[in-house]
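Residue-level listing of the chains:
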Amino acid sequence: MLNELFILAKIKEGNIKAFEAIFKLYYAPLCLYAASITGQIDIAEEIVQDLFYTFWKERNKIQLFHSIKSYLYGAVRNRSLQWLEHQEVRNRYKATFLFGKNEDKSISPQEQLEYKELQDLINQTLLQLPERRLRIFKMHRFEGMKYAEIASALSLSVKTVEAEMTKALQTLRKKIEYYTA
């Protein structure tokens, strides 16, 4: 902790070498962490790059109460979750826009509200899944990857991917059954 306070003090003084050392140490792991939340490596890289840009730009204002590592991981988690929330808003807007385009009057406001509540429940449930399970679920359901592709990408066995998907779907079913009961 003392070493990190020393490094942070150097960064606040404008020492680019100290900043580069922190960047080199944490950039790749933070990208992987962000990708496990967002499911997209390019978005993860943008999140981490933006974090380090802000970290350098606002270095004089940063007050750490824990370690630099915990600060960076917490910031990446928060930014990744904000990105997911933004995507949800965009998807909701797109769905509303499509409903408006089709002028489908058969869907009542009550049904729209129930749909939104169910969608929120699903999203909350997904965010509570363990990171690996959530990543596998997203890769399969949102990116259309097959189990074998996921297994290869994550260096897992196909059986492990199948087991994780089964557990994710069981969790969703339990939440939905509780909601609809």
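Starting from 1, residues in each chain are numbered consecutively following that chain's sequence as written. Totals for whole chains, interfaces and linings use every residue, but because this is a predicted model, local features are given only for residues with pLDDT of at least 70 and side-chain atom pairs only at 80 or more, for both listing and counting. Only hydrogens and water are set aside when side-chain values are computed; all heavy atoms of the structure are taken into account.

Visitor: Looking at this structure, how should I read the overall build of the protein chain?
Guide: On a plain count of helices and strands, the protein chain comes out with eight helices and zero strands. Per the convention used, a helix needs a DSSP run of H or I reaching at least four residues, while a strand needs a run of E reaching at least two, with both numbered from the N terminus. Element order for the protein chain, N to C, with α for helix and β for strand: α-α-α-α-α-α-α-α. We compute the radius of gyration from the C-alpha atoms alone; for a globule the expected value is 2.2 Å times N to the 0.38, where N is the number of residues. Computed over its C-alpha atoms, the radius of gyration of the protein chain comes to 21 Å, more than 25% above the 16 Å expected for a compact globule of 181 residues. By principal-axis analysis of the C-alpha atoms, the protein chain measures approximately 65 × 40 × 30 Å. Any pair of residues with heavy atoms lying within 4.5 Å of one another is described as a contacting pair. Intrachain contacts of the protein chain at a sequence separation of at least 6 include 67% that bridge at least 24 residues. Summing over all exposed atoms, the protein chain offers an accessible surface of approximately 12000 Å²; the carbon and sulfur share of this is 55%. Note on charges: Lys and Arg go in the positive column, Asp and Glu in the negative column, and His and the chain ends are not counted at all. The atoms used to mark charge sites are NZ of Lys, CZ of Arg, CG of Asp and CD of Glu. Counting 27 positive and 22 negative side-chain charges, the protein chain places the averaged centre of each group 5 Å from the other. Only the protein chains shown count as cover for residues, and the accessible areas themselves come from Shrake-Rupley with a 1.4 Å probe.

Visitor: Quick question: what am I supposed to make of the nonpolar core here?
Guide: Looking at soluble globular proteins, one finds that nonpolar side chains tend to be buried together. Of all hydrophobic cores here, the largest spans 28 residues; its most connected members are Val48, Phe52 and Leu72. Mapped by element, the contributors of at least two residues to this core are α1 (2–12), α2 (16–38), α3 (41–57) and α4 (68–102). When residues of this core are assigned to their parent elements, the largest contribution, 11 residues, is made by α2. Setting aside residues no more than four positions away along its own chain, Phe52 makes contact with Phe19, Ile22, Phe23, Tyr26, Tyr27, Leu30 and Leu72. Residues grouped as a nonpolar core are buried Ala, Val, Leu, Ile, Met, Phe, Trp, Tyr and Cys residues, joined through side-chain atoms within 4.5 Å. Under the scheme applied here, a residue whose accessible area is under 20% of the maximum for its type counts as buried, over 50% as exposed, and between as partly exposed, the area being computed with a 1.4 Å probe on protein chains only. Grouped together as the second largest cluster of nonpolar side chains are 15 residues, Leu126, Ile136, Phe137 and Met145 included.

Visitor: Just to check I follow, could you spell out the packing of α2 against α3 for this structure?
Guide: In a packed pair of helices, the relevant descriptors are the angle between the two axes and the axis-to-axis distance. The axes used here are C-alpha line fits, helices contributing only the stretch in contact, and every angle between their N-to-C directions lies in the interval 0 to 180 degrees. Two elements in contact, α2 and α3, have axes separated by 8 Å at closest approach and are oriented at 145°. α3 is crossed by α2, and the crossing has right-handed handedness. The residues of α3 that touch α2, namely those facing Ile16, Phe19, Ile22, Phe23, Tyr26, Tyr27, Leu30, Cys31, Ala34, Ala35 and Thr38, are Ile41, Ile43, Ala44, Glu45, Ile47, Val48, Gln49, Phe52, Phe55 and Trp56. Split by residue class, the contact of α2 with α3 holds 18 nonpolar, two polar and one charged. By convention, the crossing between two helices is left-handed when the near helix turns anticlockwise from the far helix through less than a right angle, and right-handed when the turn is clockwise. Residue polarity is assigned by list, with Asp, Glu, Lys and Arg as charged and Ala, Val, Leu, Ile, Met, Phe, Trp, Tyr, Cys and Pro as nonpolar; anything else, Gly included, falls into the polar class.

Visitor: For this particular structure, what's the right way to read the environment of Ile7?
Guide: Along the polypeptide, Ile7 turns up in helix α1. Distance in space between the C-alpha atoms of Ile7 and Ala18 is 6.1 Å, their sequence separation being 11 residues. Apart from the residues within four sequence positions on either side, Ile7 is in contact with Ala18, Ile22 and Ile68.

Visitor: Is there a simple way to think about the side chain of Glu88 in this case?
Guide: Summarising the element assignment, Glu88 is placed in helix α4. When near neighbours in sequence (up to four residues on either side) are disregarded, Glu88 contacts Asp120 and Asn123.

Visitor: It is not clear to me how α3 should be interpreted in this structure. Could you clarify?
Guide: Since the α-helix turns once every 3.6 residues, residues separated by three or four places project in the same direction. In this model, α3 (17 residues) spans 24 Å end to end at C-alpha, consistent with the 24 Å of a helix rising 1.5 Å per residue. Those residues of α3 not exposed but buried are Ile43, Ala44, Ile47, Val48, Leu51, Phe52 and Phe55. The span one expects for a helix is its residue count, reduced by one, times 1.5 Å.

Visitor: For this particular structure, what's the right way to read the pattern of salt bridges?
Guide: In a structure, side chains of opposite charge can pair up when their charged atoms sit close to one another. In the sections that follow, a salt bridge refers to a side-chain nitrogen of Lys or Arg positioned within 4 Å of a carboxyl oxygen of Asp or Glu. Under the definition given, this model contains six salt bridges. When the shortest N-O distance is used, the salt bridge between Glu164 and Arg132 registers 3.8 Å. In this pair, Glu164 sits in helix α8 (residues 158–180) while Arg132 sits in helix α6 (residues 131–141), placing the two residues 32 residues apart along the sequence. The exposure class of Glu164 is buried, given its relative accessible area of 6%. The exposure class of Arg132 is partly exposed, given its relative accessible area of 42%. Glu162 is paired through a salt bridge with Lys159; the nearest N and O atoms lie 3.8 Å apart.

Visitor: Just checking my understanding: could you explain unusual backbone geometry for this structure?
Guide: Working note: non-glycine residues mostly have negative phi, and peptide bonds are mostly trans. Backbone geometry at Ser155 places phi at a positive 55°, although glycine is not the residue there. Relative to the elements of secondary structure, Ser155 occurs in the loop between α7 (147–154) and α8. Residue class for Ser155 comes out exposed when judged on its relative accessible area of 67%.

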